[in-house]
Amino acid sequence: MKEPISIRHYLNRKIKPVLYDAGKFYPLGLVIHVNGKEAKINSRLGEYLKIYTGHVERLTKGNQELARLFNAGLFSERWLTIINKEKKFPLFHLMSDEISVLKKVVELRSSNKGKFTISHIGSLYENCVKEITDIIDDFIKSSFREELKVLFLKSIDSPDKKEIFRIVNYFIHFLDWNHSFYTLYDETSEIMPGELRKVESHLPKDLRLSVKAYTAFYTYINPLKRFFEKREQGRIATLSYLDWQSDIKELLIRQFGSMMGKKTAVLYVNRLDEILDRCLACEE
């Protein structure tokens, strides 16, 4: 039997309010009821509003202080009533989507665990809405740098590995690792293709597969974002793990399959799936 799920927003009056225009503004939270159990977590609305700055300013008619409060996730009872009654864009739509996403998080965990445990729902929710491109990029960049360090130590005193030592030393100390892995990899492929291939020949098989799968995925990110059209709908705009599970995996298998064959497509998607499972643990 499916467990009943009830989720709603509320004003967290346990926090000292911010006073503005004769109103008391409180952080927005969510109360979640699952199978008779309750949990309360912070809303992430302020985080989601970062890309909707212009819409919020229009909603507040240029009132910078009120816009600042909304963007910080702070609301008064009066404003919360107005937002819900008049379905103010994008606040009402983001709040509705936040509830919808949380229900999917609960259902995802319930379907894999058999019985849902409501503890840690806040951290689980946070993981499941993270931008998967960033998660994959950070994981591969970290793995790549660690393997470079291993290669550096293996080749530092080896007379017959002077060339690989020189290349690895350059990659470690002269590339700007503050950039995303994709940017670094793409630029290095253009400027130092031969050197990059030599380094890759020394990398573990799983890491080489990760890089190939990710670079293939990255070229398809913009079409994916257009496919979901989340921003126009006032929805949470990340390409999340929930999107990955519900749509993106199958879309990628079809897209990759048409370019490189079904076997390679499945191999790439499965590798990306393993990285996301390892980093986010949304289904464990």
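Placed above this text is the structure.
Residues numbered from 1 in each chain as written. Predicted model: local features only at pLDDT ≥ 70, side-chain atom pairs only at ≥ 80, totals over all residues. Heavy atoms only, no water.

**Student:** Would you take a moment to explain the pairing of strand β3 (residues 23–34) for this structure?
**Tutor:** Every regular strand shows the same layout, with side chains that alternate between the two sheet faces. Taking burial as the measure, the 12 residues of β3 include nine buried ones, the bulk of the element. Relative to β3, strand β1 (residues 5–11) is paired through seven bridges, and the arrangement is antiparallel. Following the sheet pairing, Ile-7 is matched in β3 by Ile-32. With three bridges connecting them, strand β2 (residues 18–20) and β3 associate as antiparallel partners. What sits directly across from Val-18, in β3, is Phe-25. Connecting β2 to the antiparallel partner β3 that follows it, the hairpin turn spans two residues, and Asp-21 within it adopts a positive phi of roughly 50°. (Buried < 20%, exposed > 50% of the residue type's maximum accessible area, 1.4 Å probe, protein only. Helix = DSSP H or I, 4+ residues; strand = E, 2+ residues; numbered from the N terminus. Pairing = 2+ DSSP bridges.)

**Student:** Quick question: what am I supposed to make of the nonpolar core here?
**Tutor:** Proteins that are soluble and globular tend to have nonpolar side chains buried together. The biggest cluster of nonpolar side chains holds 94 residues, and the ones touching the most others in it are Phe-144, Val-199 and Phe-217. Sort the elements by how many residues they give to this core and helix α5 (residues 91–113) lands first, with 10 residues. Apart from the residues lying within four places of it in its own chain, the contact partners of Val-199 are Phe-144, Leu-148, Leu-151, Ile-164, Ile-167, Val-168 and Phe-171. (Core = buried A, V, L, I, M, F, W, Y, C linked by side-chain atoms within 4.5 Å. Contact = heavy atoms within 4.5 Å.)

**Student:** Got a minute to help me understand the environment of Thr-264 in this structure?
**Tutor:** Following the sequence through the fold, Thr-264 ends up in helix α14 (residues 262–280). Taking C-alpha positions, Thr-264 is 44 Å from His-9, a pair spaced 255 residues apart along the chain.

**Student:** When you look at helix α6 (residues 121–128) in this model, what are you seeing that I'm missing?
**Tutor:** Side chains three or four residues apart in an α-helix point the same way, a direct result of the helix having 3.6 residues per turn. For α6, the full list of buried residues reads Ile-121, Leu-124, Tyr-125, Asn-127 and Cys-128. Angular distribution of buried residues about the axis of α6 spans 165°; they occupy a single face of the element. (Arc of directions from axis to C-beta.)

**Student:** How do you make sense of the packing of helix α7 (residues 132–155) against helix α11 (residues 205–218) when you look at a structure like this?
**Tutor:** Two numbers describe a pair of packed helices, the interaxial angle and the distance between the axes. Contact geometry for α7 and α11: axes closest at 11 Å, N-to-C directions at 145°. Handedness of the α7/α11 crossing: left-handed. Seen from α7, the contacting residues are Ile-132, Thr-133, Ile-136, Asp-137, Ile-140, Ser-143, Phe-144 and Glu-147; seen from α11, they are Leu-207, Ser-210, Val-211, Tyr-214, Phe-217 and Tyr-218. Its residues placed into classes, the contact of α7 with α11 shows nine nonpolar, three polar and two charged. (Axes fitted to C-alpha atoms, helices over the stretch in contact; angles between N-to-C directions. Left-handed = near helix turned anticlockwise from the far one by under 90°. Nonpolar A, V, L, I, M, F, W, Y, C, P; charged D, E, K, R; others polar.)

Geometric descriptors of this kind do not, in isolation, establish any biological role.
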